[in-house]
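Single-letter residue listing:
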Amino acid sequence: MGNYDVTIIGAGLAGLQCARLLARKGLRVLLVDRKNSLDQKIHTTGIFVRRTLLDFDIPDDCLGQPTKHVTLYSPALRPMEFVSEHDEFRVGRMGQLYQRYLQQCLLAGAQWSPETSYLGHVSTNGKLTVRLSTGEVTTRYLIGADGARSRVARDLKLDLNEEWIVGVESVYEGALMDGPPRLLCFLDPKLAPGYIAWIAHDGDETHLGVGGYPSRFDPPAALETFRARVAHLIDLKDAKQIERRAGYIPVGGVLRNIANTNGLLLGDAAGAVSPLTAGGLDPCMRLSSFAAQVVSEYLSSGNPQALSAYSGELFRARFASRLWARRIASAFDHRQLVELGCAVLRFPLLSKIARHVFFGRGSFPDVEELSAPHLATAGKN
Ligand SMILES: Cc1cc2nc3c(=O)[nH]c(=O)nc-3n(C[C@H](O)[C@H](O)[C@H](O)COP(=O)(O)OP(=O)(O)OC[C@H]3O[C@@H](n4cnc5c(N)ncnc54)[C@H](O)[C@@H]3O)c2cc1C
């Protein structure tokens, strides 16, 4: 039976980021995932926004061409163009990035357990015994980075996601499209109820997907219809489909109760996704980096006060306007209404707001800044 300081369940972006930082701090880290290889069953398009690319070390060779063009289409396919003066997005080569971060975890001394499912845990005298499909391990702290429907969250008696959209996409090589790399977003309550359909084309890879509330559409059928509808915009005749991706996206905002003395939650498990844009990669990087700081402080001091900085309640306050925007977006379920909404978006003030949604820098609050007073208190005690 292995003995670890921290056991992390889930080697998506959230788990990997936290594992490599904790291992670099010298903690004994076990990283577990049920996948046998991290480039399989990927749950994301992988669009990284400028703010993440500036603040974190995402290796350049794991990213596609930069994009500064966004086109927003109404249900009747009326386009509205937004062009930024900056490179705003890059689509990650996620399999490659996950593998790279895993190598860094291993180099820093973390143990890696692929093809291993988390089954449960028990807590005795401040030590946790974690039951895995490969056997039992003991750990001082357990981290749930196991995605939107987290089993670890349930077992730790922390909050659970309750509101989701689902996304499904096909990834192609060799698709042809005029013009520079671009992101095309389509508002259509039939094809993507409560969210968007998208084409992310960076010259090398093309992602074509739909997302929305699962009770209101059939995602695979909507994706087929969407593909046919956009045939005049993108030529897929000689393109090769290289992957199909799908997953749940929590959109109820970051959960309130995401940490206790036995463990904490990261990424989708913590509901750390922008309710409006459904972007979760920036929150993964920010929350996981902060968690690594909080957990190492907690384990070295033994002071539970150190965990109070990791408060979903605190981060959630910054989501109020985005949660309202989500309510409004989900209520727009008639095509004519959405068409009208798109026409109104052409007014300068609203167009400025739309531009801010695409190019603003606010996908997730700066958690370290928000928690600074709590960290200071923790340090004093
Ligand atoms: C189709 C789609 C497209 C998206 N596109 C974007 C985008 O372009 N940009 C953006 O910012 N966000 C996007 N998102 C959201 C973003 O991808 C997620 O928020 C982010 O990837 C979540 O990462 P994570 O590490 O928390 O979870 P995941 O990547 O889901 O990782 C969880 C890991 O836990 C493992 N696991 C789960 N249960 C167990 C268990 N019991 N035992 C062992 N292992 C387990 C899984 O195998 C998985 O590897 C998208 C989401 C979807 C579904």
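So, how was this worked out
Residues numbered from 1 in each chain as written. Predicted model: local features only at pLDDT ≥ 70, side-chain atom pairs only at ≥ 80, totals over all residues. Heavy atoms only, no water. Helix = DSSP H or I, 4+ residues; strand = E, 2+ residues; numbered from the N terminus. Rg over C-alpha atoms; globule rule 2.2 N^0.38 Å. Buried < 20%, exposed > 50% of the residue type's maximum accessible area, 1.4 Å probe, protein only. Contact = heavy atoms within 4.5 Å. Areas by Shrake-Rupley, 256 points an atom, 1.4 Å probe, with all protein chains shown as cover. Lys, Arg positive; Asp, Glu negative; His and termini not counted. Charge placed at Lys NZ, Arg CZ, Asp CG, Glu CD. Phe/Tyr/Trp six-rings, centres within 6.5 Å; stacked < 30°, edge-to-face > 60°. Lys NZ or Arg CZ within 6 Å of the ring centre and 35° of its normal.

Q: It is not clear to me how the overall build of the chain should be interpreted in this structure. Could you clarify?
A: Of regular secondary structure, the chain possesses twelve helices and 16 strands. Whereas a compact globule of 381 residues would reach a radius of gyration of roughly 21 Å, the chain reaches 21 Å, a difference of no more than 12%. The burial tally for the chain puts 54% of its 381 residues in the buried class. Relative to all contacts within the chain whose residues are 6 or more apart in sequence, the contacts with residues 24 or more apart total 74%. Total accessible area on the chain is roughly 16,500 Å²; 52% of this is exposed by carbon and sulfur atoms. Distance between charge centres in the chain, computed from 43 positive and 39 negative side chains, equals 4 Å.

Q: Would you mind going over the packing of aromatic side chains with me for this structure?
A: The way to describe two aromatic rings as a pair is by their centre distance and the angle between their planes. For the structure shown, the criterion picks out eight aromatic pairs. When the centroid spacing of 5.6 Å and the interplanar angle of 65° are considered together, the rings of Tyr-141 and Tyr-298 count as edge-to-face. Taken together, the residues span a long stretch of sequence, with Tyr-141 in strand β10 (residues 135-144) and Tyr-298 in helix α6 (residues 281-301) at a distance of 157 residues. Under the relative-accessibility criterion, Tyr-141 is labelled buried at 0%. Taken together, a centroid distance of 5.8 Å and an interplanar angle of 70° make the contact between Trp-164 and Tyr-248 edge-to-face. Here Tyr-248 lies in strand β15 (residues 240-250) and Trp-164 lies in strand β11 (residues 164-173), a separation of 84 residues in the sequence. With relative accessibility at 24%, the residue Trp-164 sits in the partly exposed group. Looking at Tyr-248, the relative accessible area reads 36%, which means it is partly exposed. Aromatic ring contacts, followed pair by pair, group Tyr-73, Phe-186 and Phe-226 into a single cluster. Over the face of the ring belonging to Tyr-101 we find Arg-20, whose NZ or CZ atom lies 3.7 Å from the ring centre. Arg-149 extends its terminal NZ or CZ atom over the ring of Tyr-248, reaching a point 4.0 Å from the ring centre.

Fair warning: the whole summary comes from geometry, so function is off the table for now.
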